[in-house]
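Tertiary structure, described
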Amino acid sequence: MWPPFELEVNIMADLEKVVEMPIETKFDMEKLRTGLENLTGRDYISAERTARRNGEKSTLLQFTGSFHAALAAKAMGVTYTEVCDLPVRKYTLALAMVTNFLFGDLAQTDMETV
């Protein structure tokens, strides 16, 4: 078998340092989940601005896909464009995770536990 497996692994490790990996390979549900938990109010406001800058006109911004994409981008440490360029199934998964994070159990959450 050529090249030997060890050589192949080393080549890939070197390539990852040189070549920017596309968002598809960087997309990680756990990274998104953890990133969402670590967002601040400033990140939320910045995501609102990003959505508006990209043409979102809804008065209910917190329910829009563009806002959720901007928030996902903040959480994953990638650009808004990179999130929008995800394949549609990964894109909708990312947006669904943001929606669930923001509103999933909000109706049942006691304000004292927030």
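Rules of the game
- Residues numbered from 1 in each chain as written.
- Predicted model: local features only at pLDDT ≥ 70, side-chain atom pairs only at ≥ 80, totals over all residues.
- Heavy atoms only, no water.
- Core = buried A, V, L, I, M, F, W, Y, C linked by side-chain atoms within 4.5 Å.
- Buried < 20%, exposed > 50% of the residue type's maximum accessible area, 1.4 Å probe, protein only.
- Helix = DSSP H or I, 4+ residues; strand = E, 2+ residues; numbered from the N terminus.
- Contact = heavy atoms within 4.5 Å.
- Expected span 1.5 Å × (residues − 1).
- Arc of directions from axis to C-beta.

**What about the nonpolar core?**
If you look at soluble globular proteins, the nonpolar side chains tend to sit buried side by side. Membership of the largest hydrophobic core comes to 23 residues, with the highest contact counts inside it found for Phe-27, Leu-32, Phe-67, Leu-71, Met-76, Val-83 and Val-98. The set of elements that each furnish at least two residues to this core consists of helix H3 (29-37), helix H4 (41-53), helix H5 (65-76), helix H6 (80-84) and helix H7 (88-103). Ranked by residues supplied to this core, first place goes to H5 with eight residues.

**A word on the side chain of Ser-66**
You can see Ser-66 is positioned in helix H5. If we skip the residues at most four places from it in the chain, Ser-66 touches Ala-51, Glu-56 and Tyr-80.

**Observations concerning H7**
Taking 1.5 Å of rise per residue, the 16 residues of H7 would be expected to cover 22 Å, and the 22 Å separating its terminal C-alpha atoms lies within 8% of that figure. For H7, the set of buried residues is Ala-94, Leu-95, Met-97, Val-98 and Leu-102. Seen from one end, H7 has its buried residues packed into an arc of 155°, which puts them on one side. Opposite its buried face, H7 presents the exposed residues Val-88, Arg-89 and Asn-100, each directed more than 90 degrees away. For H7, the elements touching its buried residues are H3, H4 and H5.

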